[in-house]
Amino acid sequence: MTIIREGYYFAATFFAIALIVYFCLNHYAAILPAVLTVYCLYFFRNPKRIIPTNENLIVAPADGTVQDIVHLDSDDFIHAPCYKVIIFLSVFDVHVNRAPIAGTIKIQKYVCGRFRPAYKDSVGYENERHLIGIENERLRVTVTQIAGILARRIVSWVTLDDVLKKGDLYGLIRFGSCTEIVVPDKVTIMVHKGQKVRGGETVIGVIK
């Protein structure tokens, strides 16, 4: 288990506040910033994951609960019939995002938007979001990070033409959010609505 670098900044800030409040006011008032210090370390955790090596397997890009699985006629990057798997991340889930396949980032798009609750059906179209399209010799997939009512910052550590290995970290969303992955319909979906998944580890699809 490691902590994402950004987590230390937030934790250090709340810890400093807790110390100031403790010495300037009283120890009861310091309880809240102390709890927030611990929560920041918990929220920005990056647990080790066992990444499946089979090239036919597509893994979940995020921890969370499968909110829906939708069949689409096409996608702006895939340009073919496809499936969209929507994963809802609560404030208690791991929030780092991982590459679902190995490949090269061929498209990257950031869209400003609203901050509606991440479990709403329309958030993928209305909310702030960041999309990357990953391509290898076998298929293309898109992954979209979507901000929620508490998630006011989408963080990305990648750019166009970066090469990712399956399971590589590429970004995170702060404090409650949603992640969508779109795969061609030649992929057999292996998860179901309501299922809990683990980023980089749970197999969400198998290439036929």
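The sections below set out a description of the structure shown in this document. None of the values given here were measured: they were computed from a predicted structure.

### Let's talk about the overall build of the protein
Across its full length, the protein holds three helices and 16 strands. Buried residues in the protein amount to 49% of all 208 residues. Taking the intrachain contacts of the protein between residues at least 6 apart in sequence as the baseline, contacts between residues at least 24 apart amount to 71%. Accessible area of the protein: about 10300 Å², with a carbon and sulfur share of 60%.

### Describing the pairing of strand β13 (residues 177-184)
Taken across its eight residues, β13 has eight buried, putting it largely inside the fold. The two faces of β13 match: S177, T179, I181 and V183 on one face and C178, E180, V182 and P184 on the other face are all buried. Where strand β5 (residues 82-89) lies against β13, eight bridges are found, and the strand directions are antiparallel. When the sheet's bridge partners are listed, I86 is paired in β13 with E180. Two elements, strand β9 (residues 140-147) and β13, share six bridges in a ladder whose sense is antiparallel. Residue A147 lies in a different strand from β13, and its bridge partner there is S177.

### Comments concerning helix α2 (residues 31-43)
Counted at 1.5 Å a residue, the expected span for α2 with its 13 residues is 18 Å, and the 18 Å between its end C-alpha atoms agrees. The inward-facing, buried residues of α2 abut α1 (5-24), β2 (45-46) and β12 (169-173).

### What to know about the pairing of β9
Counting buried residues in β9 gives seven out of eight residues, a clear majority hidden from the surface. For strand β8 (residues 129-135) and β9, the ladder comprises seven bridges, and the chain directions are antiparallel. For I132, the partnering residue across the bridge sits in β9 and is V143. Counting the residues that bridge the hairpin from β8 to β9 gives four residues.

### Section: the pattern of salt bridges
On inspection of all chains with the given rule, the structure shows five salt bridges. As a salt-bridge pair, R49 and D63 come within 2.9 Å of each other at their nearest N and O atoms. Highlighted residues: R49 in the loop between β2 and β3 (57-59) and D63 in the loop between β3 and β4 (64-72), separated in sequence by 14 residues. For the pair formed by R49 and D63, the shared burial category is buried. With a shortest N-O distance of 2.7 Å, R198 and E201 are connected by a salt bridge. Given the relative accessible area of 39%, R198 is considered partly exposed. Overall, the relative accessible area of 25% leaves E201 in the partly exposed class.

### Some thoughts on a nonpolar patch on the surface
A cluster of nonpolar side chains, namely F15, L19, Y22 and F23, defines an oily patch on the protein surface of about 460 Å² accessible area. When you line up the elements, L19 lands in helix α1. Residue class for L19 comes out partly exposed when judged on its relative accessible area of 38%.

### Considering the sheet that holds β8
With antiparallel pairing, the eight strands of this open sheet are ordered in space as β11-β7-β8-β9-β13-β5-β4-β15. Of all strands in the sheet, those bounded by a partner on one side alone are β11 (163-164) and β15 (196-197).

### Here's the deal with the side chain of H95
Turning to its location among the elements, H95 is positioned in the loop between β5 and β6 (96-98). On the accessibility criterion, H95 (2% relative accessible area) is buried. Among the polar contacts listed, one links the side chain of H95 to the backbone oxygen of D93, at a separation of 2.8 Å.

Conventions used here
Residues numbered from 1 in each chain as written. Predicted model: local features only at pLDDT ≥ 70, side-chain atom pairs only at ≥ 80, totals over all residues. Heavy atoms only, no water. Helix = DSSP H or I, 4+ residues; strand = E, 2+ residues; numbered from the N terminus. Buried < 20%, exposed > 50% of the residue type's maximum accessible area, 1.4 Å probe, protein only. Contact = heavy atoms within 4.5 Å. Areas by Shrake-Rupley, 256 points an atom, 1.4 Å probe, with all protein chains shown as cover. Pairing = 2+ DSSP bridges. Expected span 1.5 Å × (residues − 1). Salt bridge = Lys/Arg side-chain N within 4 Å of Asp/Glu carboxyl O. Patch = residues over 30% accessible without salt bridge, like charges linked within 9 Å, V, L, I, M, F, W, Y side chains within 5 Å. Polar contact = N/O pair within 3.5 Å; in protein donor to acceptor, adjacent residues only side chain to side chain.

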